[in-house]
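Spelled out from the first residue to the last, the chains are:
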Amino acid sequence: MASVKSVAIIGAGPAGLIAIDALAQEEAFNCIRVFERREKVGGCWIEDPEDHVQQLPDLQKIAERRPDDTLPIPDNLPTKKPRSTQYRFSETSIYPTLETNIDVHAMSFSQESMSATRTDLNIQRHGNDSPFRHWKVVEEYLDGLVNRKGYESLVSYNTTVELVRKDSNSKWVLALRKPLDNGQEDYWWEERFDAVVVASGHYHVPFIPHIDGLAKFTHDFPGRVEHSKAWRGPKKYRSKRVIVVGASISGPDISFSMADEVETPLHSVVRGKYHPYFFDYAFQHPNILRHPPIARIDSDRESDTRTVYFEDGAKLENVDHIIFGTGYSWTMHFLPELASTIRNNRLPNLYQHVFWREDPSLCFVGAIAAGFTFKVFEWQAVLAARFLAGRITLPPLSEQIRWEEDRIACKGDGVPFTALYPDFELYFEEIRRMAGEPIEKGGRLVGRPLPKFEKHWRDEFDAAHLRRIAMWKRGNEEARERKSGGT
């Protein structure tokens, strides 16, 4: 691969922010540029305006996992064009009481510790030594990662990468769009780089499965169907008849949070498979009634019909709200040809979840699931930085292909392929081995070091899950006592 002197980073969330430092510490690049479509750093940890309403513009495309369309790129850049109305799903799932759901050490990078600040609610739920943090603590932590060493000047905010392509000179060309202050126009331009690091995440485009009658229900009763990404607390649903679909992360959280607020019972749609960390403890609340998947929905605005039918033949009439905690689709509107290869919500041909096999000057940080986020981003970012700096090489293509084939045979060709659970240490140590150590230059070390994976990281990670389970068990028991008339 040709020498890399300029690198673009797409996204200034946790993965992009640690990629800045990993690249900068190599001292090998003349230009590092970061493009972030929001107004500040933070990715999923930015709060949206209180009055903002999230959209579900096309349920068919959402069900087909292709709602994030590529925009036509204007000719003759730079130029100004009328402001784009393309919906980009750039909102977050932040709500006022949100806290992290994994141990703080797993969410901290090795050289940058997160604040020990805990909210009163956090302490009430999990004790004075709670391993969790309120989202504001995370937001401040991420702010601190860019407000150091001059990194803030590397970031272009409110800038959407609309297309990434390779030109005839083997440069990566980024077509960029930024809204102008006049509120009427977008400014479009291009920048060229030797390498690109995609750190844009894959938890922003909601997935809602196809259900007969769902689109009509959404049309007949606007605002009654939402993705969990838009949930902001139980107040809106108080005394309403509510269905929550999903049993992974947001489904249990939302169901448990609303079980004492909505009309009893809260109706949870589950398939009998639960998250391997949390099982079904949240759904054991006495005010939660579990159902099999939804078969169809009948609705009529004139007669106020709002009936949901389940696969077991049962039905629920006069439904007020349906909330889908059904996950996200991995989309990359800026790499449409590569995005077209995504299958089973997984991008194939990424060696070690980092390097695009066909051209490893295109790297990914954060293309994993069920890992030590944020910490694993650091390992991936350092590995990518070492490679782009020319300090390490990758194994032959045949070995890279075999790695993917072996992993498919073991984990399957879907989202589980990208899940590091339960073999966290194996992955961390392989990435550390590949990245190697910093080099000595002028009597000092150059490059961000990666420490050896420590057993207590996993122990604390698992213990934190037990804290959440204990919270649910305690809440379930208190709810049973209330229902039985106990004190």
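Here the structure is a predicted model, which means the values were calculated and not measured.

S.K.: Got a sec to walk through the sheet that holds strand 3 (residues 79–82)? Specific residues and values, please.
M.R.: Taken together, four strands build an open sheet; the order of strands is 3-7-6-5 and the sheet is antiparallel. This sheet does not close on itself; its edge strands, each paired only once, are strand 3 and strand 5 (160–166). When the angles between neighbouring strand axes are averaged without regard to direction, this sheet yields 25 degrees. With six bridges joining them, strand 5 and strand 6 (residues 172–179) adopt antiparallel strand pairing. Considered in strand 6, the bridge of Val164 is made with Leu174.

S.K.: Provide a residue-level description of unusual backbone geometry, including the pertinent values.
M.R.: Glycine aside, a negative phi is what most residues show, and trans is what most peptide bonds show. Put simply, Leu77 and Pro78 share a cis peptide bond, and its omega is 5 degrees. Assignment of secondary structure puts Pro78 in the loop between helix 2 (59–63) and strand 3. With an omega dihedral of 0 degrees, the bond running from Tyr421 to Pro422 counts as a cis peptide bond. Mapping Pro422 onto the fold places it in the loop between helix 9 (397–411) and helix 10 (424–435). Here the phi dihedral of Phe89 falls at roughly 55 degrees; this positive angle occurs in a residue that is not glycine. If you trace the backbone, Phe89 turns up in the loop between strand 3 and helix 3 (120–126). Residue classification places Phe89 among the buried positions, given a relative accessible area of 2%.

S.K.: With reference to specific residues and values, describe helix 11 (residues 455–483).
M.R.: Compared with the 42 Å implied by 1.5 Å per residue over 29 residues, the 43 Å span of helix 11 between its first and last C-alpha is a close match. Within helix 11, the full set of buried residues consists of Trp457, Phe461, Ala464, His465, Arg468, Ile469, Met471, Trp472, Gly475, Asn476 and Ala479. Once helix 11 finishes, Gly485 follows within two positions and takes phi at roughly 90 degrees, a positive value.

S.K.: Describe the side chain of Glu99, naming the residues involved and giving the relevant values.
M.R.: Assignment of secondary structure puts Glu99 in the loop between strand 3 and helix 3. Here the side chain of Glu99 touches His126 through a polar contact of 2.7 Å, side chain to side chain. With near-sequence residues (within four places) excluded, Glu99 lies in contact with Asn122, Arg125, His126, Phe132, Arg133, His134, Trp135 and Arg468.

S.K.: Break down the pairing of strand 17 (residues 321–324) for me, citing the residues and quoting the values.
M.R.: Burial along strand 17 is two-sided: the face carrying His321 and Ile323 and the face carrying Ile322 and Phe324 are both buried. Pairing geometry for strand 11 (residues 242–245) and strand 17, over four bridges, is parallel. If you follow Val245 over to strand 17, its bridge partner there is Phe324.

S.K.: Can you tell me about the pattern of salt bridges, naming the residues and giving the values?
M.R.: Evaluated as defined, the whole model comprises 54 salt bridges. Where Arg448 meets Asp21, a salt bridge forms, and the shortest distance between an N and an O atom there is 2.6 Å. With Arg448 in the loop between strand 23 (444–446) and helix 11 and Asp21 in helix 1 (residues 14–26), the pair connects residues that are 427 residues apart, well separated along the chain. Both residues of the pair, Arg448 and Asp21, count as buried. Across the salt bridge formed by Asp186 and Arg83, the nearest N and O atoms sit 3.7 Å from each other. One end of the pair, Asp186, is in strand 7 (residues 185–193); the other, Arg83, is in the loop between strand 3 and helix 3, and 103 residues separate them in sequence.

S.K.: Describe the sheet that holds strand 16 (residues 315–316), naming the residues involved and giving the relevant values.
M.R.: Strand order in this open sheet of three strands is 14-15-16, and the pairing throughout is antiparallel. Sheet topology places strand 14 (294–300) and strand 16 at the edges, where each strand pairs with a single neighbour. Bridge count between strand 15 (residues 305–310) and strand 16: two bridges; the pairing is antiparallel. What sits directly across from Val308, in strand 16, is Leu316.

S.K.: Outline the nonpolar core, supporting the account with residue identities and numerical values.
M.R.: Ile9, Trp45, Met258, Phe374, Phe377 and Leu388 are the most contacted members of the largest nonpolar core, which totals 93 residues. Sorting elements by how many residues they give to this core places helix 8 (residues 375–388) first, with 10 residues. Not counting chain neighbours up to four residues away, the residues in contact with Ile9 comprise Gly16, Ala19, Ile20, Leu23, Ile32, Arg33, Val34, Phe35, Val197 and Ala199. One finds Phe35, Val196, Met332 and Ile342 within the second-largest nonpolar core, a separate group that totals 24 residues.

S.K.: Any details on the packing of aromatic side chains? Residues and values, ideally.
M.R.: To describe a pair of aromatic rings, you give the distance between the ring centres and the angle between the ring planes. Counting across every chain of the model gives 31 aromatic pairs. Here Tyr87 and Phe89 contribute two aromatic rings whose centre-to-centre distance is 4.8 Å and whose plane-to-plane angle is 65 degrees, an arrangement assigned as edge-to-face. The two residues Tyr87 and Phe89 agree in class, both being buried. By the ring-pair criterion, three or more aromatic residues cluster together here, those being Phe256, Tyr277, Phe278, Phe372, Trp379, Tyr421, Phe424, Phe428, Phe453, Trp457, Phe461 and Trp472. In this structure, Arg306 packs its charged tip against the face of Phe221, placed 5.8 Å from the ring centre.

Conventions adopted
- Residues numbered from 1 in each chain as written.
- Predicted model: local features only at pLDDT ≥ 70, side-chain atom pairs only at ≥ 80, totals over all residues.
- Heavy atoms only, no water.
- Pairing = 2+ DSSP bridges.
- Helix = DSSP H or I, 4+ residues; strand = E, 2+ residues; numbered from the N terminus.
- Axes fitted to C-alpha atoms, helices over the stretch in contact; angles between N-to-C directions.
- Buried < 20%, exposed > 50% of the residue type's maximum accessible area, 1.4 Å probe, protein only.
- Expected span 1.5 Å × (residues − 1).
- Polar contact = N/O pair within 3.5 Å; in protein donor to acceptor, adjacent residues only side chain to side chain.
- Contact = heavy atoms within 4.5 Å.
- Salt bridge = Lys/Arg side-chain N within 4 Å of Asp/Glu carboxyl O.
- Core = buried A, V, L, I, M, F, W, Y, C linked by side-chain atoms within 4.5 Å.
- Phe/Tyr/Trp six-rings, centres within 6.5 Å; stacked < 30°, edge-to-face > 60°.
- Lys NZ or Arg CZ within 6 Å of the ring centre and 35° of its normal.

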